[in-house]
Amino acid sequence: MLNQCPHSTVCLPATGLPRVVVIGAGFAGINLIKKLRNQPVQIVLLDKNNFHQFQPLLYQVAIAGLEPDSIVTPIRKLFQSYENLIYRMAEVERIEPQTQRVFTSIGWVGYDYLVIATGSSTNYYGLQQVEQNSVGLKDIRDALDIRSWVLQNLEAAAITCDQQEKDALTNFVIVGGGPAGVELAGALAEFKRYLLHKDYPEITADWMKIYLVEAVDRLLPMMSGGASAHALEVLKKLKVDVLLNTAVKQYDGSVVTLGNAEKLSAKMLVWTAGVQGEAPGGLPEGAIVKGNRLKVDGFNRVVGHGNIFAIGDVAAMISEDTPKGHPMLAQVAIQQGRLLAENLLHHIRHGAFEKTFRYHDKGSMATIGKRNAVAEIGKSTWEGWFAWLLWSTVHLFSITGFRNRLMVGINWMMRYLSYEKANRLIIRKFKPPGTLMKDRHASEFDKTFISNH
Ligand SMILES: Cc1cc2nc3c(=O)[nH]c(=O)nc-3n(C[C@H](O)[C@H](O)[C@H](O)COP(=O)(O)OP(=O)(O)OC[C@H]3O[C@@H](n4cnc5c(N)ncnc54)[C@H](O)[C@@H]3O)c2cc1C
């Protein structure tokens, strides 16, 4: 196998060991790598970002509750002590299975085994106007954009004398009633209740409206009816306007058009209503299924390829039990990463893969504002304060890195005692709607920097 592996245009040491190229340092990628630590393989990790991010807490960065660096970890720090790992910051463009090469923004890399762990991206289901005028909640830049956008709108609302404009600037629309939408809506509602009057005496709390729009008939559709009902009740108490059975059709940056032709005037829309696999190019069409995910067998092998694997959100393991593949959740990604590492080592030693994947569902949770959550683990369900305590404990222990865990823990303790949020800062000004998403992700500083270098 090794002889077939051409080296690379990216400078990499030749070790004589089988080379495992891993694309993506998300939950799937890093858990695979942890199991391959100092094993007889050369790991080449490629990620377009130089950090790993803890997506479940993005919403807390978005509402100024946490600093961004408490939920992201530099990849190089994460793997400092790994002697068999090489990291290259590179965006993968396509794969060429015939020559066993991965083409990236910095050149090509040859592989013996290729693991695709590229995760997912926001799915706007073809609603181009919505995509151009809104922001998703998928990575740390989105979270920072939301933070700036909320604060900029409030600043603008504070200075305008035009009441209609004030209303539009203080109306916030969140689309998608899954955990991300529910958590963001709850947090924003608490910001309104406890901080708005202190920071913005010019803005009357009644002006600020938070709409949570969901296309189906309940919130948290992946959880039980009881959990959905509890989430709805808590959000209503927090004065969030929850619109169920309602689809968003258009958004021009000022007016949201709903499926029933009703219109909402709002200068901010966050889209959390869907994700799709982030499958890299180059693989045959037959390997890609609905939702742009890669079809894999029980060993996470991409169909039709003996040495290309997909794990995590980008993988669709379709079977009778999972006709749509597994849910796009961190636990699926973690478990697939760990098992694939074992299977790869077994294949290198014995020439065969050993165990097929079985998902162990550890439950679902969502927090709704401070001190309230829903949690379902096995047949047990909890709502309210105890569920929130469970949610906090599980998330705290799941964050990558001791420093980050400590920072988040201290921050949460302080916020438990007060509603203060320390990070109400517009560090990077958000570009007003109407600009393409890709464009918006590069700040003015980034653009000046890029154009000067
Ligand atoms: C807001 C939010 C809240 C969530 N909350 C929960 C929760 O509470 N519980 C839960 O279980 N799950 C939650 N999830 C889902 C969970 O985060 C994902 O299922 C998980 O991150 C998937 O892991 P992954 O490794 O497949 O992908 P990711 O973690 O997304 O990692 C993908 C990696 O690939 C890199 N990459 C992508 N494309 C390329 C490329 N072309 N070239 C190079 N690198 C590339 C990315 O930079 C990234 O580092 C949440 C997700 C979001 C967005």
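Since the structure is predicted, the reported quantities are computational estimates derived from the model, not experimental observations.

**Student:** What am I meant to see in the pattern of salt bridges here?
**Tutor:** Oppositely charged side chains are able to pair whenever their charged atoms sit close together. The full count for this structure, using the stated rule, is 11 salt bridges. The salt bridge involving Asp-297 is made with Arg-301; its shortest N-O contact spans 2.8 Å. We classify Asp-297 as partly exposed; its relative accessible area is 24%. Look at Arg-301 and you get partly exposed, because its relative accessible area is 24%. Taken together, the shared-partner salt bridges connect Lys-35, Glu-342 and Lys-355 into one network.

**Student:** Would you mind going over the sheet that holds strand E16 (residues 255–258) with me for this structure?
**Tutor:** Adjacent strands of a sheet pair through backbone hydrogen bonds, lying either parallel or antiparallel. Read across the open sheet, the three strands follow the order E15-E16-E17; overall the sheet is antiparallel. Every interior strand has two partners, whereas the edge strands, strand E15 (248–251) and strand E17 (263–265), have only one. Adjacent strand axes in the sheet meet at a mean angle of 20°, parallel and antiparallel pairs treated alike. Of the pairings in the sheet, the one linking E16 to E17 comprises three bridges and is antiparallel in character. By the bridge assignment, Thr-257 is partnered in E17 with Lys-263.

**Student:** How should unusual backbone geometry be read in this particular structure?
**Tutor:** With glycine set apart, most residues show a phi of negative sign, and most peptide bonds adopt trans. A positive phi angle, near 55°, is found at Gln-100, a position not held by glycine. If you trace the backbone, Gln-100 turns up in the loop between strand E6 (92–96) and strand E7 (101–104). Take Gln-100: its relative accessible area is 10%, and that puts it in the buried class. Within the chain, Tyr-125 stands out as a residue other than glycine whose phi angle is a positive 50°. Note on Tyr-125: relative accessible area 52%, which makes it exposed.

**Student:** Would you explain the site of the ligand in this entry?
**Tutor:** Neighbouring the ligand are 28 residues, the closest being Ala-28, Asp-47, Gln-55, Val-92 and Asp-313. The side chain of Gln-55 places a nitrogen or oxygen atom 2.7 Å from an oxygen atom of the ligand. At 2.9 Å from an oxygen atom of the ligand is found a main-chain nitrogen or oxygen belonging to Ala-330. Contact with the protein chains covers 89% of the free accessible surface of the ligand, which is 1,000 Å². Elements with a minimum of two residues in the shell around the ligand: helix H1 (27–35) and helix H10 (330–350).

**Student:** How should the packing of helix H11 (residues 385–398) against helix H12 (residues 402–417) be read in this particular structure?
**Tutor:** Any two packed helices are characterised by how steeply their axes cross, that is the angle between the axes, and by the distance between the axes. Axis separation between H11 and H12 bottoms out at 9 Å; the angle between their running directions is 155°. The angle between H11 and H12 falls in the class roughly antiparallel. Residues Trp-385, Trp-388, Trp-391, Ser-392, His-395, Leu-396 and Phe-397 of H11 form the contact with H12, whose own contacting residues are Arg-405, Val-408, Gly-409, Trp-412 and Tyr-416. Residues that form the contact of H11 with H12 fall into these classes: eight nonpolar, three polar and one charged.

**Student:** How should I be thinking about the domain arrangement of the protein chain in this particular structure?
**Tutor:** The accessible area lost on association of the parts is a frequent measure of interface size. Assigned domains within the protein chain: domain 1 (2–48 + 90–122 + 275–350) and domain 2 (128–273 + 363–438). One C-alpha centre belongs to domain 1, the other to domain 2; they are set 33 Å apart. Contact with domain 1, which involves six residues of that partner, is made by four residues of domain 2. Interface area for domain 1 against domain 2, summed over the two sides, is near 400 Å², with a carbon-plus-sulfur share of 62%. Looking only at domain 1, the three residues that lose the most surface to domain 2 are Ser-120, Thr-122 and Val-275, adding up to 66% of its buried area. Linking domain 1 to domain 2 there are zero salt bridges. Linking domain 1 with domain 2 are one residue pair in polar contact (both at pLDDT 80 or more). With three residues, strand E10 (residues 120–122) is the largest single contributor of residues to the side of domain 1 that touches domain 2. Within the side of domain 1 that touches domain 2, the residues separate by chemical class into two nonpolar, three polar and one charged.

So, how was this worked out
- Residues numbered from 1 in each chain as written.
- Predicted model: local features only at pLDDT ≥ 70, side-chain atom pairs only at ≥ 80, totals over all residues.
- Heavy atoms only, no water.
- Salt bridge = Lys/Arg side-chain N within 4 Å of Asp/Glu carboxyl O.
- Buried < 20%, exposed > 50% of the residue type's maximum accessible area, 1.4 Å probe, protein only.
- Pairing = 2+ DSSP bridges.
- Helix = DSSP H or I, 4+ residues; strand = E, 2+ residues; numbered from the N terminus.
- Axes fitted to C-alpha atoms, helices over the stretch in contact; angles between N-to-C directions.
- Near = heavy atom within 4 Å.
- Polar contact = N/O pair within 3.5 Å; in protein donor to acceptor, adjacent residues only side chain to side chain.
- Areas by Shrake-Rupley, 256 points an atom, 1.4 Å probe, with all protein chains shown as cover.
- Parallel < 35°, antiparallel > 145°, perpendicular 65-115°, else oblique.
- Contact = heavy atoms within 4.5 Å.
- Nonpolar A, V, L, I, M, F, W, Y, C, P; charged D, E, K, R; others polar.
- Domains from an automatic or database assignment.
- Buried area = accessible area lost by both parts, 1.4 Å probe.

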